[in-house]
Amino acid sequence: MKKSILSFSFLFLIITSCHQKESINFALVSESYISDTSQYAQCHASTIIETNNGLLLSFFGGPHERHPEVSIYTAAFENGQWQKPKKVADGKIDTTSFPTWNPVLFRSANNKIDLFYKVGPSPNDWWGMVKHSNDEGKTWSAPEKLPDGILGPIRNKPIQLSSGVILSPSSTEESHELWKAHIERSTDDGQTFTKIDIPSPDSVKVIQPTLLVYPDKSIQALLRSNQNVVMESWSYDEGKTWSAVQPTTISHPNSGIDAITLQSGEKLLVNNPLPSGDSWEAGRNKLDLYYSTDGKSWKTIIHLENEPEGEFSYPCIIQTTDGLIHITYTYNRQQIKHVVLSAVN
């Protein structure tokens, strides 16, 4: 039911790109939905990774966000279709159950897949957990609690630099008013991490960074914020220090974002393009894909969703080795939507 919107956007992009040197064209390859109401009523916060067998998706699902029965699920895309989601982690500790949150899949140079997630009653007092898989997500190790002060990637995927340094984008929500972003940096392939703050005034709430690398080795962090625009910070020393956050011109309603550096070096960002409103879901009824070559000038190129109401949020975007672009996001809390695009010369 969204194909007409997507098709119109692609046609518009192809026409306008003829007059612009810095652009990129796309074709819609497929769109599908992942849901299983027999196991959970709601699902949210997807993450996706390429495997040797296809794709692996993870998300949290349960009666509703913050419910103690909310658990972490994975679903594999193999043989041309999504397999039934499997519950792979929960927040049970002895006789007490806590909700789980925000899984993040990551593969480092050691080739195992890490599944990071959070456990706790709320983002104010959750803690970081991780599981590992050596068989492309078919089985997982026992859960491990991350060291005190280390939360793991809070919403978006880590990146590994050519030097081997891993930068894990993270943040804290110490109270409703105090949100701070930081980077967890590893020089030993993820064995240990050091927390590095991204400077911001207390009046500016920033969380959930997503990271982009440029040819001069500078690194840009784009951040969710309460400023009605995406905020940014830059590092020029492999993530050891970061500039104070500054506003971009990208309209934003304090919702999850994600970005990638394409194989070509160009950048893509997925974001809800509206200002915030009176409710937490305000502005999440539209979802756009943006394009940039330098991280400073961003152009909307596709309207992924454009509805009068609804929640299309918390995107994750990757490019697989075959060049295809995969975007997953929450679809009205009842499904995870998967959109596949191909770049067209």
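Before going into details, it helps to say that this report is about the structure given with it. (Residues numbered from 1 in each chain as written. Predicted model: local features only at pLDDT ≥ 70, side-chain atom pairs only at ≥ 80, totals over all residues. Heavy atoms only, no water.)

### A word on the nonpolar core
Grouped burial of nonpolar side chains is what soluble globular proteins tend to show.
Stage number 1. Counting residues in hydrophobic clusters, the biggest one holds 20 residues, and the most contacted among them are Phe26, Leu268, Leu289, Leu304 and Ile327.
Stage number 2. Mapped onto this core, the elements with two or more residues apiece are strand 22 (267-271), strand 23 (286-292), strand 24 (299-306), strand 25 (312-319), strand 26 (325-331) and strand 27 (335-344).
Stage number 3. Excluding residues that lie within four positions of it along the chain, Leu268 makes contacts with Phe26, Asp258, Ala259, Ile260, Leu262, Leu289, Tyr290, Tyr291, Trp298, Ile301, Ile317 and Ile325. (Core = buried A, V, L, I, M, F, W, Y, C linked by side-chain atoms within 4.5 Å. Buried < 20%, exposed > 50% of the residue type's maximum accessible area, 1.4 Å probe, protein only. Helix = DSSP H or I, 4+ residues; strand = E, 2+ residues; numbered from the N terminus. Contact = heavy atoms within 4.5 Å.)

### Remarks on the sheet that holds strand 12 (residues 144-145)
Stage number 1. What the 4 strands build is an open sheet, ordered 9-10-11-12; its pairing is antiparallel. Two strands bound the open sheet, and with one partner strand each, they are strand 9 (100-107) and strand 12.
Stage number 2. Examined bridge by bridge, strand 10 (residues 113-119) and strand 11 (residues 127-133) share 7 bridges and lie antiparallel to one another. Following the sheet pairing, Val119 is matched in strand 11 by Trp127. (Pairing = 2+ DSSP bridges.)

### Considering the pairing of strand 24
Stage number 1. Bridge analysis of strand 23 against strand 24 gives 6 bridges, and the strand direction is antiparallel. Bridge assignment links Leu287 to a residue of strand 24, and that residue is Glu305.
Stage number 2. Linking strand 23 back to strand 24 in an antiparallel pair, the connection comprises 6 residues, with Gly295 at a positive phi of about 75 degrees.

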